[in-house]
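The chain contents come next:
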Amino acid sequence: MIDQTTAIVLHQIRYSESSLIIKLYTYDFGIQSYIVKGVRSSQRKKNHAALFQPLSQLQFTFRKNKRSPLSLFLEGKATPSYQTLHTNPLKISIVFFLSELLSQVLHEEESNPSQYEFLSQSLQFFDNEPDKFANFHLWFMLHLTKYLGFFPNSHSFDTNHLYLDKKEGHYVSQENENTFSAEISHLFSIFLSQNLTDALKVNMNQNLRNKFLVDIIALYQLHHYDISRIKSFKVLEEMMKVY
């Protein structure tokens, strides 16, 4: 039986001389893996390898295999077709970082339309943003926590409650071993409460941006998402230095 869905590419590995195994986050079935036969063959006229770049969005057909956990990817097309995500050097480094992140934190093999739309629409916005996008991954990671179940309460921030408690997820009046610094806590309140357009306008230097990212990663780890070994983190860190 041939079926159809849309998906976001998370990861690919080579399989045999000319094929790929791809890990996708699909609209209808959540996390799924597919085999794409002959995709790296010079004779291939469809399903070129470029179709499966990290965080590409696809519409495709596939056939389930009763004897294998891997379904067979039949034919697909990019929808939408990105203009800058795979050509701008800094965007490429952010894309690789986020694809690794999503590969590690998304596990459900079932449909979650609201989460899928968040990912899809955020990536399209990112693709269309020409200049100010260095904060995108920070906003994206924080707002992804809504769907992962540990979105901090930014409404508890005020002049008497300046420190975000990483365990409890709300602001407290005194700094302690469980809180972020006042500076980072303030950034959390800004990024948690603002839409993406406004968050991209927040000015910060490279050192502060990197420190904020490290603390967001710490928040994920505290909630049992071990993303400290993301290989592309160092590349992203170096790219941010020249942005």
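Right above here is the structure, for reference.
Residues numbered from 1 in each chain as written. Predicted model: local features only at pLDDT ≥ 70, side-chain atom pairs only at ≥ 80, totals over all residues. Heavy atoms only, no water.

Notes on empty space enclosed by the protein
In the structure shown here, the tally under the stated rule is one cavity of 30 Å³ or more. Lining the largest cavity we find H137, Q206, R209, N210, L213, L236, E237 and M240. For the lining of the largest cavity, the secondary structure elements donating two or more residues are α6 (206-222) and α7 (233-241). No other element matches the four residues that α6 contributes to the lining of the largest cavity. Considering only residue class, the lining of the largest cavity consists of three nonpolar, three polar and two charged. (1 Å grid on protein atoms, 1.4 Å probe; cavity = no way out; pocket = protein on both sides within 12 Å on 5 of 7 lines; lining within 4 Å. Points joined across faces, edges and corners; volume = space filled by probe spheres on them. Helix = DSSP H or I, 4+ residues; strand = E, 2+ residues; numbered from the N terminus. Nonpolar A, V, L, I, M, F, W, Y, C, P; charged D, E, K, R; others polar.)

What about helix α3 (residues 136-148)?
Over its 13 residues, α3 runs 18 Å from end to end, which matches the ideal 18 Å to within 8%, given 1.5 Å per residue. Across the 13 residues of α3, 11 count as buried, placing the element largely inside the fold. Backbone geometry just after α3 places G149 at a positive phi near 100 degrees. (Expected span 1.5 Å × (residues − 1). Buried < 20%, exposed > 50% of the residue type's maximum accessible area, 1.4 Å probe, protein only.)

Notes on the pattern of salt bridges
According to the stated counting rule, one finds three salt bridges in the structure shown. Taking the shortest distance from any N to any O, the salt bridge between K234 and E237 comes out at 3.5 Å. Within this pair, K234 and its partner E237 are both found in helix α7, separated by three residues, close to a single helical turn. Residue class for E237 comes out buried when judged on its relative accessible area of 17%. As a salt-bridge pair, E238 and K241 come within 3.1 Å of each other at their nearest N and O atoms. (Salt bridge = Lys/Arg side-chain N within 4 Å of Asp/Glu carboxyl O.)

Points about the side chain of S71
Mapped onto the secondary structure, S71 falls in strand β5 (residues 71-78). Judged by its relative accessible area of 8%, S71 falls in the buried class. When near neighbours in sequence (up to four residues on either side) are disregarded, S71 contacts S33, Y34, I35, F62, R63, K64 and N65. (Contact = heavy atoms within 4.5 Å.)

Quick notes on the packing of helix α1 (residues 89-105) against α7
The geometry of α1 relative to α7 is characterised by a closest axis approach of 9 Å and an angle of 155 degrees between their N-to-C directions. As judged from the angle between their axes, α1 and α7 are roughly antiparallel. Viewed along their axes, α1 and α7 form a crossing whose handedness is left-handed. Two secondary-structure elements touch here, α1 through P89, L90, S93, I94 and F97 and α7 through F233, V235, L236, M239 and M240. Considering only residue class, the contact of α1 with α7 consists of nine nonpolar, one polar and no charged. (Axes fitted to C-alpha atoms, helices over the stretch in contact; angles between N-to-C directions. Parallel < 35°, antiparallel > 145°, perpendicular 65-115°, else oblique. Left-handed = near helix turned anticlockwise from the far one by under 90°.)

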